[in-house]
Amino acid sequence: MELELPAREPDAAQQPKKVFVKTYGCQMNVYDSQRMADALAADGYVSTHTVEDADLVLLNTCHIREKAAEKVYSELGRIRQLKAERAAAGRETLVGIAGCVAQAEGGEILRRAPVVDLVIGPQSYHRLPDHIRRVRGGDKVVETEYAIEDKFEKLPALRKAAVRARGVTAFLTVQEGCDKFCTFCVVPYTRGSEVSRPVHQIVAEAERLAEAGVREVTLLGQNVNAWHGEGPDGVEWGLGRLLFRLAEIPGIARLRYTTSHPRDMDDALIAAHRDLPALMPYLHLPIQSGSDRILKAMNRRHKADDYLRLIERIRAARPDMAMSGDFIVGFPGETDADFEDTLRIVREVGYAQAFSFKYSQRPGTPAADHELQVADVVKDERLQRLQSLLTSQLNAFNTSVVGRSCPVLIEKPGRKPGQIVGRSPWLQPVILDESAGRIGDIVDTRISHVSGNSLFGQAA
Ligand code: 5AD
Ligand code: SF4
């Protein structure tokens, strides 16, 4: 007979330290947050979803628009209070700021928010555990230098248990940084110049994801289609070639990539959309504005018509391609006529999904100093008109799928009991009865109706 020992509550000193990571902004930050949590797990930190429990609070920030940074500072106000309450209960709370606000503001953050113990830029995440040790010893640390070493090589390998817990879809950063210098954008300053991860690293990471049960991988990069690298054959590969290689990995059924720049959509990548069934027919390809005058002032280095012709070529390769994009309204100097050009291009393309923003002056970017700033009320009005057009296109796209059949990758249980949720090839959430299949299955589904932003379907 086995002896049953009474369960004992470990005392506080023996309990593992807990880290709470809050992610702002883009999918690359989501990926980075996961890698940071994994790096800290190797050091004994367990993740928590409750900030009140956390011994270490890490905010992974975004700097792309004004409000993003302001949100961080107001969050820090709440954390200051929490830190004081925990201190009164004899518990220490460390606070770290990562991401693009960290990179852009550096030591300024410590001055504006003394509650912060660590400021760490995106290029240094592999050094996070070392810095946390220093901070625990009482130091304040600011690390915004671009490290010479390859952070991805130095970060601990993905933990399979963590990947499994995150589900059957995963992000994989293949490229970082940007050399395009659109005049409105901070990314070239916060994320540095374009760097591509080597093929062997990407393949090894994708294999690890697949072994942990991942079925769909989304390759990430600020300019993901600018990715290039030397293949094992000694030849320079572009993203198209890389996608073919990743599709060979057993278990990987679906591939996506985001975000792309129109200038980097090369023939091989377009051909991959024609010839590679695993590559999903959904493309996020921002144009930002439909006016050539504004595109020039934005330094996009393409015209509206180049973009339309590119989409024609992409749709010739993959007729069911769903298009997605980003738009900025109220860029300095934008007139009513320029804005009408944006509406016109939206009507011509027909988007399945889109993100639109009011222009936000980012300090240090060329457009910020432009004298013809557009009044906020005008931006509001344009944004509203653009968004109502885009919403009607999204609804039309969703409705167009009704009555059709498509493969759905089942991702997670639904919100209501008895339901499961998956994704169509065009990235729409699809709700099914749980008897349709298990998480990770790809189920042929007949779409019966739309409600809100979700499709409903039955296994065909
Ligand atoms: N103001 C408004 N939107 C911006 N974006 C980038 N910089 C700015 C800015 N200064 C938008 C672009 C980009 C998306 C990620 O954010 O549309 O594609
Ligand atoms: Fe920013 Fe332009 Fe680079 Fe995109 S391509 S990250 S918008 S500078």
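Structure's up top.
Residues numbered from 1 in each chain as written. Chains lettered and ligands numbered in written order. Predicted model: local features only at pLDDT ≥ 70, side-chain atom pairs only at ≥ 80, totals over all residues. Heavy atoms only, no water.

Quick word on the packing of helix α13 (residues 304–317) against helix α14 (residues 336–349)
Item 1. Two numbers describe how α13 lies on α14: the axes approach to 11 Å, and their chain directions differ by 10°. The angle between the axes of α13 and α14 places the two elements in the roughly parallel class. For the pair α13 and α14, contact is made by Ala304, Tyr307, Leu308, Ile311 and Arg315 and by Ile345, Glu348 and Val349, respectively.
Item 2. In terms of residue class, the contact of α13 with α14 is made up of six nonpolar, no polar and two charged. (Axes fitted to C-alpha atoms, helices over the stretch in contact; angles between N-to-C directions. Helix = DSSP H or I, 4+ residues; strand = E, 2+ residues; numbered from the N terminus. Parallel < 35°, antiparallel > 145°, perpendicular 65-115°, else oblique. Contact = heavy atoms within 4.5 Å. Nonpolar A, V, L, I, M, F, W, Y, C, P; charged D, E, K, R; others polar.)

Structural notes on the pattern of salt bridges
Item 1. All told, the structure shown has 40 salt bridges when counted by the stated rule.
Item 2. The partner of Arg293 in a salt bridge is Asp338, and the shortest N-O contact between them spans 2.6 Å. Residue Arg293 is found in helix α12 (residues 292–297), and its partner Asp338 is found in helix α14; the two are separated by 45 residues along the sequence.
Item 3. Residue Asp338 is classed as buried on the basis of its relative accessible area, which comes to 5%.
Item 4. For Lys358, the salt bridge is made with Asp380, and the minimal N-O distance between the two is 2.8 Å. With Lys358 in strand β16 (residues 353–358) and Asp380 in helix α15 (residues 376–401), the pair connects residues that are 22 residues apart, well separated along the chain. (Salt bridge = Lys/Arg side-chain N within 4 Å of Asp/Glu carboxyl O. Buried < 20%, exposed > 50% of the residue type's maximum accessible area, 1.4 Å probe, protein only.)

With respect to the site of ligand 2
Item 1. Residues in close proximity to ligand 2 include Cys178, Lys180, Phe181, Cys182, Phe184, Cys185, Val187, Pro188, Asn223, His261 and Arg300, which together make up its full environment.
Item 2. Classifying every residue of the shell around ligand 2 by side-chain character gives seven nonpolar, two polar and two charged. (Near = heavy atom within 4 Å.)

As for the site of ligand 1
Item 1. Surveying the vicinity of ligand 1 reveals the residues Ile64, Arg65, Phe184, Gln288, Asp326, Ile328, Phe357, Lys358, Tyr359, Ser360 and Arg362.
Item 2. At a separation of 2.9 Å, an oxygen atom of ligand 1 approaches a polar side-chain atom of Arg65.
Item 3. In this structure, a nitrogen atom belonging to ligand 1 sits 2.8 Å away from a main-chain N or O atom of Ser360.
Item 4. Here ligand 1 loses 87% of its free accessible area of 400 Å² to cover by the protein chains.
Item 5. Partitioning the shell around ligand 1 into residue classes produces five nonpolar, two polar and four charged. (Polar contact = N/O pair within 3.5 Å; in protein donor to acceptor, adjacent residues only side chain to side chain. Areas by Shrake-Rupley, 256 points an atom, 1.4 Å probe, with all protein chains shown as cover.)

Keep in mind that these numbers describe shape and distance, not what the molecule does.
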